Protein chains: 2
Amino acid sequence: MTQLNIQLLLTGNELMTGDIVDSNSAMIAQQLLPLGLTISRKITVADDLNMLANEIKSISEQADILIINGGLGPTVDDLTAQALALAMNSHLQQHPQALEHLTQWGQQRGITLDQANLKQAMLPAGASIIDNSIGSAVGFACHYQGCDIYCTPGVPKELAIMLEQQIIAKIKQQVPHSVHYQVKRYQVFGIGEAKLQQMITQAFPQWPAEVLLGFRAASPMLELKLSIKEQQAQPLLQHWQEKLFELLGDHILTTIDNDMPTMAQHVIKLLTAQGKTLTTAESCTGGMIASLLTNIAGSSKAFEAGFVTYSNEMKTKMVNVSPKTLTAHGAVSEQVVLEMAQGALSQADADYAIAVSGIAGPDGGTAEKPVGSVWLAWGNQHQLNSHYFCIKGKREYFQLMVANRALDLIRRQLINSPQTPFYFD
Amino acid sequence: MTQLNIQLLLTGNELMTGDIVDSNSAMIAQQLLPLGLTISRKITVADDLNMLANEIKSISEQADILIINGGLGPTVDDLTAQALALAMNSHLQQHPQALEHLTQWGQQRGITLDQANLKQAMLPAGASIIDNSIGSAVGFACHYQGCDIYCTPGVPKELAIMLEQQIIAKIKQQVPHSVHYQVKRYQVFGIGEAKLQQMITQAFPQWPAEVLLGFRAASPMLELKLSIKEQQAQPLLQHWQEKLFELLGDHILTTIDNDMPTMAQHVIKLLTAQGKTLTTAESCTGGMIASLLTNIAGSSKAFEAGFVTYSNEMKTKMVNVSPKTLTAHGAVSEQVVLEMAQGALSQADADYAIAVSGIAGPDGGTAEKPVGSVWLAWGNQHQLNSHYFCIKGKREYFQLMVANRALDLIRRQLINSPQTPFYFD
């Protein structure tokens, strides 16, 4: 059979002005990939009723599937329903299910629906609803000129849920099984895309053409993808997956089914399973490690206390770092992070501790300790480890990488990994 | 005169598969904005010769300016020059300047040019060169069907240089001064897009059509935009801007010139200017407030210590909350956050403190204190304030909003605002 012609229409003034960068179409493309489907054409226009209606008309003449993203909100510049009705020579009418959804949504939040909200229940006649379990705007689907049209919200999380729970399943019904190829996705930490590509090319010059390699940066993680187009390539996929696991060891955190877990999720899961607690003493990451951990629901079982000790004085006062050590070695030193970890362990009465001290920049570097220098200590009462890294990049990147490496080092200790990690930007 | 019709054509398989997210079109849009120009339509297609040629043909019929991005590289799937020649019924020929550029580029790198490299010197007949001072691919421009066509490289740095040094200047020549319209952007906190739209409609039913209202969600902030298309609307813009300031008061944090400052940036800036320090005692936000503050370069002057006191025991041990208070009122109570703030102030010897305790969910709610309940305390030794909020939404949203409201309340205290804030989702 011929490949389905799938097109995207994205709407939003903010997409045209460059105020936001579109990541939704990448999400849609990634979700279609396991079905062997690709998007053939993508149009982005501002919130203009006539332009939208014209694009919808012309795309629906060519395409089998049109996914419209954006323009479902409550404001006057949210025009998707209206434009679709115009394109189809149809009209808007209040959709009972959409109204019910909005009413419930309002009730849960103690909000009385106003005209702007109620506008979101006005859909083209004949549209069917696509549920939105987290936001006010329902999605909807229409069929016009032989084209299936799906209207989806611009809010990435809401789009993700609609794709996963409903739209992809509907599109799947149109794809015969022979087209489905298999995709395996792995979560990798500590190696950048270019470096990983190079490592694989060097280690496996005989890598087979049937097993396609793909990468997707999802900072600070990387997604590594293996895919095959034919069922008979399955044994090859299996074989080369094992080779990859040998090469990358504990840099592969997990195979990915749906969402990528964060590094903090891996750590909280391990701590909870082992009934252990973790504490943090942070200087240059300033609470980011604690924040990443407590973002996770249920983290309170594993995390009771964190110390943000930005100044020397507070390192002494809060986690008992000796003023002598600070004077002798400086705040960014192995001795200081070891004392910070020790002090945090005893102050918080925790099983494990992470301590970090470094120079996030842009100022504060010296010849001996340049911006990007960081000492990490991690471990428990029996085994405290420490390591120095120099992580070049902007402040934000530095903090994110330090926080994630620190969590990764604790993760490796929690799984008793005998492997020494290697980290490449 | 009428607004120039500017369209973009982006090419690249990796843009269609979602392996990379397009940020180039945002860059182009941002560069056009100061000329009062916007992009009316943006098309993205895979590296397919016929599709590209068809799009070029049809866009050049409608548009005054077409910027093509991508497809200038040395590989077989770089098809822009070929597609453009096909669209214009022209042919490719070796361009002497392009060849010279390539030869120099190769010499500087000690690379002998191969067939793939030399392909980059094959341009449509009559094309003029756009210099590339950092990469191998030159850009080029053609004129066809009344449309100026600029072909630019996909590598962001190379695109940036071509835009800044050459393309924007050429486009500017086509724009008479009178077309420049004015945009004013304001940063708003505490009011969602739908609510703000409603407030403005209700307060100002006579809002003039010449002053366009726009919104852009940038959670947890909102960007409010006023724009005019004609110079003579300037007094109207001025007048209605003042009206908006009256209506929204200190919910408007700043007018935006380039980047939106974060709430933490506002707070750090105020603290630094006043020579004051801030400390945090966080339960339900788990370090997020400290992390937001220490994300800011130079924050160490204003922030020395933060306490993440997730458990009751740690609230007592780290910031001296009395066990009696915890037993009598529970961890999520006015009394506890006031004691947390007081304890943090004295432990960190800081001028200001923020304390938060709440139920981030999804578990832990009761009938009396449902998920989303949070008590905040903020202030200094002379004036400690407290407030209860109930913020519905997922854990992540809850933490982000609590952290930002807490910072906003400190910001208001630092600017001695007499206004009482109102917060709407």
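Owing to the predicted nature of the structure, the values given are computational and were not obtained by experimental measurement.

## What about the overall build of chain A?
- Each helix and strand in chain A was counted, giving 15 helices and 17 strands.
- Across its three principal axes, chain A shows a C-alpha extent of roughly 80 × 60 × 40 Å.
- Surface exposure of chain A reaches about 17,600 Å², of which carbon and sulfur atoms provide 51%.
- Counting 28 positive and 37 negative side-chain charges, chain A places the centres of these two groups 5 Å from one another.

## Points about the pairing of strand 17 (residues 384-390) of chain A
Residue and element names in this part refer to chain A.
- Where strand 16 (residues 373-379) lies against strand 17, 7 bridges are found, and the strand directions are antiparallel. In the sheet register, W378 faces strand 17, and the bridge partner there is N385.
- What sits between the antiparallel neighbours strand 16 and strand 17 is a turn of 4 residues.

## Digging into the interface of chain A and chain B
- At the junction of the two partners, chain A supplies 68 residues and chain B supplies 66 residues.
- Summed over both partners, the interface of chain A with chain B buries about 5,200 Å², with 53% contributed by carbon and sulfur atoms.
- Looking only at chain A, the three residues that lose the most surface to chain B are M16, K42 and Y310 of chain A, adding up to 11% of its buried area.
- Linking chain A with chain B are 3 salt bridges.
- Between R41 of chain A and E55 of chain B there is a salt bridge whose closest N-O contact spans 2.3 Å.
- Counted by class, the side of chain A that touches chain B contains 28 nonpolar, 24 polar and 16 charged residues.
- Here 5 bridges tie strand 2 (residues 39-45) of chain A to strand 2 (residues 39-45) of chain B, and the two strands are oriented antiparallel to one another. Residue pairing in the sheet places T44 of chain A in a bridge with K42 of chain B of strand 2 of chain B.

## Details of the sheet that holds strand 11 (residues 221-228) of chain B
All names here are of chain B.
- One open sheet holds the 4 strands; their spatial order is 10-11-9-12, and the pairing between them is antiparallel. The sheet is open, and its two borders are formed by strand 10 (212-218) and strand 12 (252-255), each paired with just one other strand. Along the sheet, successive strands turn relative to each other by an average axial angle of 25°, direction set aside.
- Two strands pair when backbone bridges link them, and strand 9 (residues 182-189) and strand 12 are joined in this way by 3 bridges, in the antiparallel orientation. By the bridge assignment for strand 12, Y186 is matched with T255.
- Strands strand 9, strand 10 and strand 11 of the sheet are contacted by helix 8 (residues 193-203), whose axis makes an angle of about 155° with strand 10.

## Observations regarding the state of the cysteines
Residues and elements named next belong to chain B.
- Overall, the coordinates contain 0 disulfides over all chains when judged by the stated rule.
- Its sulfur unpaired, C147 is 10 Å from the next cysteine sulfur, which belongs to C151.
- C151 takes part in no disulfide bond, and the closest cysteine sulfur to it belongs to C142, at a distance of 6.0 Å.

## Quick look at the domain arrangement of chain A
Residue and element names in this part refer to chain A.
- Domain assignment breaks chain A into domain 1 (6-177), domain 2 (181-255) and domain 3 (263-414).
- Taking the mean C-alpha position of each, domain 1 and domain 2 sit 34 Å from one another.
- Counting from both sides, the interface comprises 4 residues of domain 1 and, opposite them, 4 residues of domain 2.
- Summed over both sides, the interface between domain 1 and domain 2 buries roughly 400 Å², with carbon and sulfur atoms accounting for 52% of that surface.
- Linking domain 1 with domain 2 are 0 salt bridges, by the criterion used here.
- Scanning the region where domain 1 abuts domain 2 turns up 1 residue pair in polar contact (both at pLDDT 80 or more).
- Split into classes, the residues belonging to the side of domain 1 that touches domain 2 amount to 2 nonpolar, 2 polar and no charged.

## Some points on the pattern of salt bridges
Residue and element names in this part refer to chain A.
- Taken as a whole and judged by the stated rule, the model has 9 salt bridges over all chains.
- As a salt-bridge pair, E223 and R185 come within 2.8 Å of each other at their nearest N and O atoms. Taken together, the residues E223 in strand 11 (residues 221-228) and R185 in strand 9 (residues 182-189) connect sequence positions 38 residues apart.
- Using a relative accessible area of 1% as the deciding quantity, one classes E223 as buried.
- Judged by its relative accessible area of 23%, R185 falls in the partly exposed class.
- In this structure, the salt-bridge partner of D408 is R412, at a minimum N-O distance of 3.1 Å. Residue D408 and its partner R412 are located together in helix 15 (residues 395-414), separated by 4 residues, close to a single helical turn.
- One salt-bridge network, in which partners are shared between bridges, spans D408, R411 and R412.

## Re the UniProt feature "domain: MoaB/Mog" (unreviewed entry) in chain A
- UniProt tags residues 7-174 of chain A as "domain: MoaB/Mog" (unreviewed entry).
- The span residues 7-174 of chain A shows a helical share of 42% and a strand share of 23%, and its end C-alpha atoms are spaced 15 Å apart.

What counts and how
Residues numbered from 1 in each chain as written. Chains lettered and ligands numbered in written order. Predicted model: local features only at pLDDT ≥ 70, side-chain atom pairs only at ≥ 80, totals over all residues. Heavy atoms only, no water. Helix = DSSP H or I, 4+ residues; strand = E, 2+ residues; numbered from the N terminus. Areas by Shrake-Rupley, 256 points an atom, 1.4 Å probe, with all protein chains shown as cover. Lys, Arg positive; Asp, Glu negative; His and termini not counted. Charge placed at Lys NZ, Arg CZ, Asp CG, Glu CD. Pairing = 2+ DSSP bridges. Contact = heavy atoms within 4.5 Å. Buried area = accessible area lost by both parts, 1.4 Å probe. Salt bridge = Lys/Arg side-chain N within 4 Å of Asp/Glu carboxyl O. Nonpolar A, V, L, I, M, F, W, Y, C, P; charged D, E, K, R; others polar. Axes fitted to C-alpha atoms, helices over the stretch in contact; angles between N-to-C directions. Disulfide = S-S within 2.5 Å. Domains from an automatic or database assignment. Polar contact = N/O pair within 3.5 Å; in protein donor to acceptor, adjacent residues only side chain to side chain. Buried < 20%, exposed > 50% of the residue type's maximum accessible area, 1.4 Å probe, protein only. UniProt positions renumbered as here; feature names shortened; annotations may be inferred.

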